Amino acid sequence: MTIRITTVPRAIKEFGPPDKWPEYEVYVGRACPRRGLKASPLANPYAAESLPGDRGDDARRRAVRLYRDRLQRLLDVREVRPDRFPEAHDAISMQAVIASLRLLGSRHGRLVLVCWCFHENEDGTWQGKRPCHAEVIREVLGAK
Ligand SMILES: [Zn+2]
């Protein structure tokens, strides 16, 4: 299975509004009602803007690091006991979401994770990318 990361504008350009996207185009960001996007269970709960210190890509890197730690922690839970692990519900949900993405990916032979974090020029060429939690998701999915 191949896993690519793309942007919301590019997916909209290719397929139209989100409800027209193929099943393997999976939005992984926060809610964006203006574009008809619901919050993904894979969205990063750590917003770069809300972290102390520098704005820009440093803050984004920190937000991605926090995301990676949390995702790994939730996926590492083997014995889900709410009395011992306050994030038990999150762990069950996250493991189910990742498992369903794996199924989806193997059914289509590919997955496209859709976020906002790539800069795109007017002509559609890449200008570069910013640190993005979708890369963590791609790593986790590719890890098995
Ligand atoms: Zn992103």
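What counts and how
Residues numbered from 1 in each chain as written. Predicted model: local features only at pLDDT ≥ 70, side-chain atom pairs only at ≥ 80, totals over all residues. Helix = DSSP H or I, 4+ residues; strand = E, 2+ residues; numbered from the N terminus. Buried ≥ 20, exposed ≤ 12 C-beta atoms within 10 Å, placed from the backbone. Contact = placed C-beta atoms within 7 Å. Pairing = 2+ DSSP bridges. Axes fitted to C-alpha atoms, helices over the stretch in contact; angles between N-to-C directions.

1. Some remarks on the overall build of the protein
Link 1 in the chain: When helices and strands are counted, the protein shows four helices and five strands.
Link 2 in the chain: Secondary structure of the protein in N-to-C order comes out as β-α-β-α-α-β-β-β-α.
Link 3 in the chain: A burial count over the protein gives 19% of its 144 residues as buried.
Link 4 in the chain: A fraction of 53% describes how many contacts in the protein between residues 6 or more apart in sequence connect residues 24 or more apart.

2. Quick notes on the sheet that holds strand β3 (residues 110-115)
Backbone hydrogen bonds hold the strands of a sheet together, and the pairing may be parallel or antiparallel.
Link 1 in the chain: Across the sheet, which stays open at both edges, the three strands sit in the order β1-β3-β2 with parallel pairing between neighbours. With one partner strand each, in any of the chains shown, β1 (2-7) and β2 (25-27) form the two edges of the open sheet. Strand-to-strand twist in this sheet, taken as the mean axis angle between neighbours without regard to direction, amounts to 30°.
Link 2 in the chain: Both β2 and β3 contribute to a ladder of three bridges, which runs parallel.

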